[in-house]
Amino acid sequence: MTHYCRRNNAYLARAQHLQTLHGDSMKQWQRLVLYALTDALAHNHLLVGTLAAYLQRQDLDADLLTPLSAVPGPRPLHHP
């Protein structure tokens, strides 16, 4: 999980830093920032999934896990 947190922070820092590199070209800066933020979002989803799997194995109540896992409705999560 630490890996995903660090990668997320790196992507967000990169998105912020890109302005200093491409401040003269707004379109280039916007394009690169969107790529960096998309990468951060993907790693955020991996972090949430990893956390949900860990908590599921710790027998956390399924009602608490459902919002984390983006499973619609009150379906319980089952152990594999």
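Residues numbered from 1 in each chain as written. Predicted model: local features only at pLDDT ≥ 70, side-chain atom pairs only at ≥ 80, totals over all residues. Heavy atoms only, no water.

1. What to know about the overall build of the protein
Stated formally: Helical segments are the DSSP runs of H or I of at least four residues, strand segments are the runs of E of at least two, and each set is numbered from the N terminus. Think of it in three bands: with a 1.4 Å probe and only protein chains considered, a residue is buried below 20% of the maximum accessible area for its type, exposed above 50%, and partly exposed in between. Whether two residues are in contact is decided by their heavy atoms: any pair within 4.5 Å suffices. Using the Shrake-Rupley algorithm and a 1.4 Å probe, accessible areas are obtained, with residue cover drawn only from the displayed protein chains.
Regarding its fold elements, the protein presents three helices and zero strands. Secondary structure elements in the protein, listed N-terminal to C-terminal, are α-α-α. In the protein, buried positions account for 20% of the 80 residues. Considering only intrachain contacts with a sequence separation of at least 6, the fraction spanning at least 24 residues in the protein is 39%. Total accessible area computed for the protein in this model is approximately 6,000 Å², and 59% of it derives from carbon and sulfur atoms.

2. Side note on the nonpolar core
Convention followed: Buried Ala, Val, Leu, Ile, Met, Phe, Trp, Tyr and Cys residues form a nonpolar core when they are joined through side-chain atoms within 4.5 Å.
Ranked by size, the top nonpolar core spans five residues in total: A15, L18, L32, V33 and A36. Counting only elements with at least two residues in this core, the list comes to α1 (2-22) and α2 (26-57). Counting residues per element, this core draws most heavily on α2, at three residues.

3. Section: the side chain of H43
Mapped onto the elements, H43 comes out in helix α2. Discounting residues that sit within four places of it in the chain, H43 has contacts with H3, Y4, R7, N8 and Y11.

4. So, the confidence of the model for the protein
Where the model shows low pLDDT, its predicted coordinates should not be examined in detail. Quick note on the threshold: What pLDDT expresses is the predictor's confidence in each residue, scored from 0 to 100.
Residue-level pLDDT values for the protein average 75, and 80% of them are 70 or greater. The least confident element of the protein is helix α3 (residues 62-69), whose mean pLDDT is 73; the most confident is α2, at 82.

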